[in-house]
Amino acid sequence: MKQSLDYKLILALMAVGIIWGTTFLGIRVAVETIPPWFVTSIRQGLAGIIMMVILLFKKELKWIGWENLKHQLVASVCMLVIANGFTTIAEQTLPSGLASVISALAPILIFLGSILFGLQKMSLKGFIGVVIGFSGVVLIFKDGLGSFLDADYRTGMIFMGFAILAWASGTIYTKIHGSKSNNIILNLFYQFTIASCIQLVLASIFSPNPDVSSWSLTSIGAALYLSIFGSVIAFFSYNYALKRVTPVQVSILAYINTIIAVFLGWLLLNERITVEFIIATILIILGVFIINYKKKEKSL
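Residues numbered from 1 in each chain as written. Predicted model: local features only at pLDDT ≥ 70, side-chain atom pairs only at ≥ 80, totals over all residues. Heavy atoms only, no water.

Colleague: Any chance you could explain helix 1 (residues 7–30) here in plain terms?
Modeller: Three or four residues apart is the spacing at which side chains of an α-helix point the same way, because the helix has 3.6 residues per turn. Helix length check: helix 1 (24 residues) gives 33 Å between terminal C-alpha atoms against 34 Å at 1.5 Å per residue, within 8%. Within helix 1, the axis deviates most sharply at phenylalanine 24, by approximately 30°. (Helix = DSSP H or I, 4+ residues; strand = E, 2+ residues; numbered from the N terminus. Expected span 1.5 Å × (residues − 1). Bend = angle between axes of the 7 residues up to and from the residue.)

Colleague: Would you explain the nonpolar core in this entry?
Modeller: The tendency in soluble globular proteins is for nonpolar side chains to be buried side by side. Grouped together as the largest cluster of nonpolar side chains are 42 residues, with contacts concentrated most on Trp20, Met51, Trp167, Phe192, Phe235, Tyr238 and Val250. Those elements giving two or more residues to this core turn out to be helix 1, helix 2 (36–58), helix 3 (66–90), helix 5 (106–116), helix 7 (151–177), helix 8 (184–206) and helix 9 (217–242). When residues in this core are grouped by element, the largest group, nine residues, is from helix 8. (Core = buried A, V, L, I, M, F, W, Y, C linked by side-chain atoms within 4.5 Å. Buried < 20%, exposed > 50% of the residue type's maximum accessible area, 1.4 Å probe, protein only.)

Colleague: Quick question: what am I supposed to make of the packing of aromatic side chains here?
Modeller: Think of a pair of aromatic rings as described by two things: how far the centres are apart, and how the planes are tilted against each other in angle. Per the counting criterion, the structure on display carries 15 aromatic pairs. Taken together, a centroid distance of 5.1 Å and an interplanar angle of 75° make the contact between tryptophan 20 and phenylalanine 235 edge-to-face. Residue tryptophan 20 is found in helix 1, and its partner phenylalanine 235 is found in helix 9; the two are separated by 215 residues along the sequence. Residue tryptophan 20 is classed as buried on the basis of its relative accessible area, which comes to 8%. (Phe/Tyr/Trp six-rings, centres within 6.5 Å; stacked < 30°, edge-to-face > 60°.)

Colleague: Hey, could you run me through the pattern of salt bridges in this one?
Modeller: Oppositely charged side chains are able to pair whenever their charged atoms sit close together. Under the counting rule described, the total for this entry stands at two salt bridges. Glutamate 60 is the salt-bridge partner of lysine 58, the closest N and O atoms lying 3.9 Å from each other. The class for lysine 58 is partly exposed, based on a relative accessible area of 42%. The partly exposed category is assigned to glutamate 60, whose relative accessible area is 27%. For glutamate 67, the salt bridge identified is with lysine 70, shortest N-O distance 3.7 Å. Highlighted residues: glutamate 67 and lysine 70, both in helix 3, separated by three residues, approximately one helical turn. Judged by its relative accessible area of 42%, lysine 70 falls in the partly exposed class. (Salt bridge = Lys/Arg side-chain N within 4 Å of Asp/Glu carboxyl O.)

Any functional reading would require information that these geometric values do not contain.
In structure tokens form, the structure reads like this:
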């Protein structure tokens, strides 16, 4: 036996795949009565407070220096303010399932970006895996693809386009600079705090007079779920995994997210699971396998 299984890594990848699959539904419920920038500001603000409490308990809360602050600022703006914030805005006009299929485009961007920045070699096998996986996602939502041309969805689509571009950029940037600081909790504390402050300013600009009394308990509960599970647990797991595997291998979990989103649609909204869904699931799993399966590279 050359290497034992990294159970922490497996657990982290499972957390990312499953939890982020539920957040599309959570966002959709939250924005029903709470303005989107307030949803994101509450989400990241509470997450930042939780990280601060953990750091105080461990006596690890400290200044990270201007250089590392710059890295956390870039990651925060890309992944939390733009990617997370724009996805939340988009779900005001897009169904959660449709938002999840658009998010599933991110691995293709990350794959191409990783090659561009030398994080991995050009691989036909890897590209085929991404395409096969994404074809499965498209098959799941083929009935809803006509909505892409609907004027009601157009704004949401534009926001989702910027969201996945920002997410891919943030993922690649984090992979390049992540090794410069090993304290993930400290880094995330700064990221969440920065994002929450920026999003609170945006909330005050775009929703200057919020009617808090109209915020439903269901929406507030969804925002709290997004904060504790979607931000604290899933982002910690994502950053943990990024230190140990390639960005494409982590990002391919977007396909798992989509399966979870579809399953929740079936469970909570009585959507049917068809033969096409089963075929699509096989394609997605095949794509994930092709991307992740690698023979040991020989050093030349």
